[in-house]
Amino acid sequence: EFQKATKADLKHFSAAFATTSKVPLFYLSGHAPTTLEQDVSLPKKILTVDDLNSAWKSLGGYTSMNDLDTEDNVDLVAVGNPHASVQELEMLYALLKNQKRLKSKLIVTIGRDVLRQAEQHGLINNLLQFD
């Protein structure tokens, strides 16, 4: 909560939280307007790294690729749901650029403005080589 988070970090956390929780709204102390921090009547739940790891494992999360059974196959990897940023496309290409071929299908969703920026940087052509 008190670590320096980038805009992308907050986007990823918010997207994951919104799609997996039943809570309609969350407040992240230290990353939101301070007026809420003064309201002590808000219920609080402090999560530890162990809490998060336990929840991840209970959902079938793997700690490494070595944890995958040989029977487990990833059919599709979806990035950017709903929209990846140019920085995320750069990170994706950095992860993939030394791969000869992908073991799973990959889909990346982006908005028109990101498409234009990524085309200008040559990222689209670079990523399309994995098509």
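Since the structure is predicted, the reported quantities are computational estimates derived from the model, not experimental observations. (Residues numbered from 1 in each chain as written. Predicted model: local features only at pLDDT ≥ 70, side-chain atom pairs only at ≥ 80, totals over all residues. Heavy atoms only, no water.)

(A) Inspection of the overall build of the protein at higher detail. Along the backbone of the protein there are five helices and two strands. In the protein, the succession of helices and strands from N to C terminus is α-α-β-α-β-α-α. Classification of the 131 residues of the protein by burial places 14% in the buried group. Long-range pairs, those at least 24 residues apart, make up 69% of the contacts in the protein between residues at least 6 apart in sequence. A total of about 11200 Å² of accessible surface is found on the protein, and carbon and sulfur atoms cover 56% of it. (Helix = DSSP H or I, 4+ residues; strand = E, 2+ residues; numbered from the N terminus. Buried < 20%, exposed > 50% of the residue type's maximum accessible area, 1.4 Å probe, protein only. Contact = heavy atoms within 4.5 Å. Areas by Shrake-Rupley, 256 points an atom, 1.4 Å probe, with all protein chains shown as cover.)

(B) Summary view of the environment of Lys4. Along the polypeptide, Lys4 turns up in the segment before helix H1 (7–20). Spatially, the C-alpha atoms of Lys4 and Gly30 are 9.4 Å apart, while their sequence positions differ by 26 residues.

(C) Region of interest: a nonpolar patch on the surface. A grouping of Val74, Val77 and Leu106 is seen on the molecular surface, where their side chains present a nonpolar patch of about 200 Å² in accessible area. Mapped onto the fold, Leu106 is located in strand S2 (residues 105–108). (Patch = residues over 30% accessible without salt bridge, like charges linked within 9 Å, V, L, I, M, F, W, Y side chains within 5 Å. Salt bridge = Lys/Arg side-chain N within 4 Å of Asp/Glu carboxyl O.)

(D) How the structure looks around the environment of Asn126. By secondary structure assignment, the location of Asn126 is in helix H5 (residues 123–128). A relative accessible area of 27% means that Asn126 is categorised as partly exposed. Residues Asn126 and Lys97, 29 residues apart in the sequence, show an inter-C-alpha distance of 8.2 Å.

(E) Main features of the confidence of the model for the protein. For the protein, mean pLDDT is 78; residues scoring 70 or higher make up 79% of the total. Highest mean pLDDT in the protein belongs to helix H4 (residues 112–120) (93); lowest belongs to H1 (79). (pLDDT = per-residue confidence, 0-100.)

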